[in-house]
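Chain and residue survey
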Amino acid sequence: GPAVVHDPPGFGPYLGGARVRTAVGALRRVLPVGALARARGLDPAGPEALAAVLEREPAAVAAVRTELERRRDAAAARLAFEAASGVQADLEAFDWLVAEQKVTVADPADLDAYGWEAGVLVRLGVRAGRLCEWEQTRRRRPEALLAATPAGWRAFADRAATTAAELRSG
């Protein structure tokens, strides 16, 4: 059958193959596509249903999330706690998959974002909308650089600086 390929700008990156595979498995169970669905006696979802989820369309995301919650709750009601736990893992992986990505953005902007923690300054260089530079140095709190960091990048840059400071102290 035809392959479904989805590569919208700004999707990803996903670091963690296990979580991606879990999320993909959940999507395959909730939105079965093509001949395999028909062979199992299911009404196959069209590629547009999967694309809507991957585009993070709120109604499509909510529908998949609601179905996963329904399956988890049904398993728990049957006292099938291991199955419920598996569906909960699917739900968490799905939420991670459709969460807003901070490292690659659709806007092909160039910018520098700064984060600071415990004497460590981290500079994140974004070029054409992709994080491609990381630099860390020890210094006093650089107010002007931190103030110049775009608001949408502040929390991410601060988390990067916190991680860098923890790694330096460890």
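I will try to describe carefully the structure that is included in this document. Just so you know, these numbers come straight off a predicted model, no measurement behind them.

From N to C terminus, the chain includes 7 helices and 3 strands. Tracing the chain from N to C terminus, the helices and strands come up as α-α-α-α-α-β-β-β-α-α. Residue burial in the chain is summarised as follows: out of 170 residues, 33% are buried. In the chain, 58% of the contacts between residues at least 6 apart in sequence involve partners at least 24 apart.

Another aspect to go through is helix 3 (residues 47-54). Those residues of helix 3 lying buried are Leu 50, Ala 52, Val 53 and Leu 54. Directly after helix 3, the chain includes Arg 56, whose backbone phi takes a positive value near 65 degrees.

Glancing now at the pattern of salt bridges. One pass over the structure, following the stated rule, counts 11 salt bridges. Note that Asp 95 and Arg 65 form a salt bridge whose closest N and O atoms lie 2.7 Å from each other. Residue Asp 95 is found in helix 5 (residues 81-98), and its partner Arg 65 is found in helix 4 (residues 58-77); the two are separated by 30 residues along the sequence. Of the residues examined, Asp 95 reaches a relative accessible area of 27% and is grouped as partly exposed. With relative accessibility at 27%, the residue Arg 65 sits in the partly exposed group. Here the residues in one salt-bridge network are Asp 112, Arg 123, Arg 127, Glu 133 and Glu 135, joined through shared partners.

This paragraph deals with the pairing of strand 3 (residues 130-138). Sheet analysis places strand 2 (residues 120-127) next to strand 3, joined by 8 bridges and oriented antiparallel. Looking at the pairing, Val 122 lines up with Gln 136 of strand 3. Between the antiparallel neighbours strand 2 and strand 3 lie 2 residues, among them Ala 128 with a positive phi of about 55 degrees.

Quick look at the sheet that holds strand 1 (residues 111-117) now. What the 3 strands build is an open sheet, ordered 1-2-3; its pairing is antiparallel. Looking at which strands have only one partner, the edges of the open sheet turn out to be strand 1 and strand 3. On average, adjacent strands in this sheet sit at an angle of 20 degrees to one another, irrespective of strand direction. Summarising the sheet, strand 1 and strand 2 pair through 7 bridges and their orientation is antiparallel. Pairing of Tyr 114 across the sheet is with Arg 123, part of strand 2.

This model, assessed by the stated rule, comprises 1 aromatic pair. Where Trp 153 meets Phe 156, the ring centres are 6.0 Å apart and the plane angle is 80 degrees; that geometry is what we call edge-to-face. A residue pair is termed a helical-turn pair when its members lie 3 or 4 positions apart in one helix, as Trp 153 and Phe 156 do in helix 7 (residues 151-169) at 3 residues. On the basis of relative accessible area, Trp 153 is assigned to the buried category, the value being 8%.

Definitions and limits used
- Residues numbered from 1 in each chain as written.
- Predicted model: local features only at pLDDT ≥ 70, side-chain atom pairs only at ≥ 80, totals over all residues.
- Heavy atoms only, no water.
- Helix = DSSP H or I, 4+ residues; strand = E, 2+ residues; numbered from the N terminus.
- Buried < 20%, exposed > 50% of the residue type's maximum accessible area, 1.4 Å probe, protein only.
- Contact = heavy atoms within 4.5 Å.
- Salt bridge = Lys/Arg side-chain N within 4 Å of Asp/Glu carboxyl O.
- Pairing = 2+ DSSP bridges.
- Axes fitted to C-alpha atoms, helices over the stretch in contact; angles between N-to-C directions.
- Phe/Tyr/Trp six-rings, centres within 6.5 Å; stacked < 30°, edge-to-face > 60°.

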